[in-house]
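Here is what each chain is made of, one letter per residue.
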Amino acid sequence: VQLQASGGGLVQAGGSLRLSCAASGFTFDDYTIGWFRQAPGKEREFVAGISRRGGNTDYAGSVKGRFTISRDNAKNTVGLQMNSLKPEDTAVYYCAAGSGSIFSVAITRGSYDYWGQGTQVTVSS
């Protein structure tokens, strides 16, 4: 099982980045995919998630309206489009796969079975 996150980098406040998560080694469309982030000295927190078929999404309040999650089950990939970035979005971003509910999106870390290695996002002011 592998989840490979990419697309991080350094961007100025107000800018955009698109993260990608490429999955392999499991039946991709049997899993909810979530993005989490962890800033230095803070707990890892839920950012966004998308259900197995992509019909349901959920976002943390701090990113709602700025971030958009999407998935392509034919390519086993999930994207996270991040717009209007703020310095407080600076963190390591992780993608994760969870085998729970078919339709809903889990927002807790314990609901996810597999984790990628993370990609650094730094937003300068």
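Provided above is the structure to which this section pertains.
Procedures and definitions
Numbering of residues starts from 1 in every chain and runs along the sequence as written. In keeping with the predicted nature of the model, local features appear solely for residues at pLDDT of at least 70, side-chain atom pairs appear and are counted solely at 80 or more, and the whole-chain, interface and lining totals rest on all residues. By convention in this description, side-chain values take in all heavy atoms of the structure and omit both hydrogens and water. Each salt bridge in this description consists of a side-chain nitrogen of Lys or Arg and a carboxyl oxygen of Asp or Glu lying within 4 Å of one another. Only DSSP runs of H or I reaching four residues or more are called helices, and only runs of E reaching two or more are called strands; each is numbered from the N terminus. Burial status follows relative accessibility: with a 1.4 Å probe on protein chains alone, a residue under 20% of its type maximum counts as buried, one over 50% as exposed, and anything between as partly exposed. By definition in these notes, contact holds between two residues if any of their heavy atoms fall within 4.5 Å. Between N or O atoms, a polar contact is any pair within 3.5 Å; within protein, one atom must be a potential hydrogen donor and the other a potential acceptor, and residues adjacent in sequence are included only when both atoms are from side chains. Strands were regarded as paired on the criterion that DSSP finds at least two bridges between them.

1. Remarks on the pattern of salt bridges
Working step 1: Counted according to the given criterion, the structure contains four salt bridges.
Working step 2: Put simply, D89 and R66 hold a salt bridge, and the shortest N to O gap is 2.8 Å. Residue D89 is found in the loop between β8 (77–82) and β9 (91–98), and its partner R66 is found in the loop between β6 (57–59) and β7 (67–72); the two are separated by 23 residues along the sequence.
Working step 3: Given the relative accessible area of 0%, D89 is considered buried.
Working step 4: In the salt-bridge network here, residues are joined through shared partners; they are R37, E45, R66 and D89.

2. Notes on the side chain of T119
Working step 1: You can see T119 is positioned in strand β11 (residues 119–124).
Working step 2: Look at T119 and you get buried, because its relative accessible area is 10%.
Working step 3: Every residue in contact with T119, bar those within four places of it in the chain, is listed here: A5, S6, G7, G8, L19, A91, V92 and Y93.

3. Thoughts on unusual backbone geometry
Working step 1: Backbone geometry at N76 places phi at a positive 55°, although glycine is not the residue there.
Working step 2: Along the chain, N76 falls in the loop between β7 and β8.
Working step 3: The phi angle at S84 is positive, at roughly 50°, despite the residue not being glycine.
Working step 4: Along the chain, the position of S84 falls in the loop between β8 and β9.
Working step 5: The class for S84 is partly exposed, based on a relative accessible area of 40%.

4. Thoughts on the environment of S111
Working step 1: In this fold, S111 is placed in the loop between β9 and β10 (114–115).
Working step 2: Judged by relative accessible area, which is 29%, S111 ranks as partly exposed.
Working step 3: The sequence separation of S111 and S99 amounts to 12 residues, and the corresponding C-alpha distance is 7.8 Å.
Working step 4: A distance of 2.8 Å separates polar atoms of two side chains, one belonging to S111 and the other to T108.

5. Section: the pairing of β7
Working step 1: Here β7 shows one buried face, formed by F67, I69 and R71, and one open face, formed by T68, S70 and D72.
Working step 2: In this structure, β7 lies alongside β8, joined through six bridges in antiparallel fashion. Bridge pairing in β8 places F67 opposite M82.

Shape is all these values report; function is a separate question.
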